[in-house]
Amino acid sequence: MTASLRRFLAPREAPPVEPAVERCELCAAEVAPEHPHLVDVAGRALKCACRPCALLFVDRPREMAGTAYRTVPDRYRYDPEFSLGDAQWDALQIPVGMAFFLRNSLREDAVVACYPSPAGATESELDLSEFVDGVGAGRLGTMLEPDVEALLVRHDTTRSECLLVPVDACYRLVGLVRRHWRGFDGGAEAWNHIDRFFDDARARARDVGGSHRGGPSR
């Protein structure tokens with residue numbers, strides 16, 4: 001009898017955890033791990049989308065249930081002639097050397113600067129003149145699509161670079177910082193992930209003259 005009871009007393013194995021299934025937030029269809037995103041312009045939020053739903057909002061906003069959506073494009077661009085002086089960066093009053101800049105189509109006179117932090121994306125609204133006199137002065141600034149793209153800038157005393165990227169890429173960077181940042185300076189692991197993120201973005205990017213740096217075409 002003792003032997004027959006032993007199987008009830010033994011620790012039970014936890015049931016396997018099924019991976020969460022991602023779904024389109026418009027039609028609820030299952031989507032692949034790599035899938036398009038929509039921007040809810042009024043709510044300034046990203047939504048997962050299947051490809052058919054994403055195609056509905058390519059190139060122009062539409063109204064659905066009273067909310068404008070735009071499909072996030074997949075282009076990456078860089079400008080080898082981009083330059084930004086320390087004084088121009090300091091004028092933005094961003095306390096770190098990495099930030100991305102968004103234009104909101106609902107407010108033509110304002111630009112939002114966001115920088116990744118362990119708590120998420122910290123936002124600072126800029127006057128348009130501060131943007132066009134610095135980060136937005138280059139060729140990438142004239143190409144920037146409101147709501148769905150961002151200028152991703154990395155600046156320190158030795159270099160200054162700017163990439164035009166899809167806005168969802170910026171929030172992937174925010175996620176990397178949140179997951180891996182340790183202590184005051186982030187730690188080696190966090191900066192390895194950040195460096196790899198920028199390496200991948202550069203590899204995807206075409207310069208504004210049309211030549212390609214290498215890596216997959218976007």
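The structure this text deals with has already been given above.
Described below are features of the structure shown in this document. Remember, predicted model here, so these are calculated numbers, not experimental data. (Residues numbered from 1 in each chain as written. Predicted model: local features only at pLDDT ≥ 70, side-chain atom pairs only at ≥ 80, totals over all residues. Heavy atoms only, no water.)

### A closer look at the sheet that holds strand 9 (residues 149-155)
Read across the sheet, seven strands follow the order 8-7-6-9-10-5-11 without closing on themselves; strand pairing throughout is mixed. Sheet topology places strand 8 (120-127) and strand 11 (206-207) at the edges, where each strand pairs with a single neighbour. In this structure, strand 6 (residues 98-103) lies alongside strand 9, joined through four bridges in antiparallel fashion. Its bridge partner lying in strand 9, F100 is registered against L152. Along the sheet, helix 6 (residues 167-180) makes contact with strand 6, strand 7 (110-117), strand 8, strand 9 and strand 10 (160-166), crossing strand 10 at roughly 115 degrees. Packed on one face of the sheet, helix 7 (residues 187-204) meets strand 6, strand 9, strand 10 and strand 11 and runs near 125 degrees to strand 9. (Pairing = 2+ DSSP bridges. Helix = DSSP H or I, 4+ residues; strand = E, 2+ residues; numbered from the N terminus. Contact = heavy atoms within 4.5 Å. Axes fitted to C-alpha atoms, helices over the stretch in contact; angles between N-to-C directions.)

### Considering the pairing of strand 10
Most of strand 10 sits out of view: six of its seven residues are buried. Two strands pair when backbone bridges link them, and strand 5 (residues 77-78) and strand 10 are joined in this way by two bridges, in the antiparallel orientation. Residue pairing across strands places Y78 opposite L163, the latter belonging to strand 10. Note: strand 9 against strand 10, seven bridges, orientation antiparallel. Looking across to strand 10, one finds that R154 is bridged to E161. In this structure, the hairpin formed by strand 9 and strand 10 is closed by a connection of four residues. (Buried < 20%, exposed > 50% of the residue type's maximum accessible area, 1.4 Å probe, protein only.)

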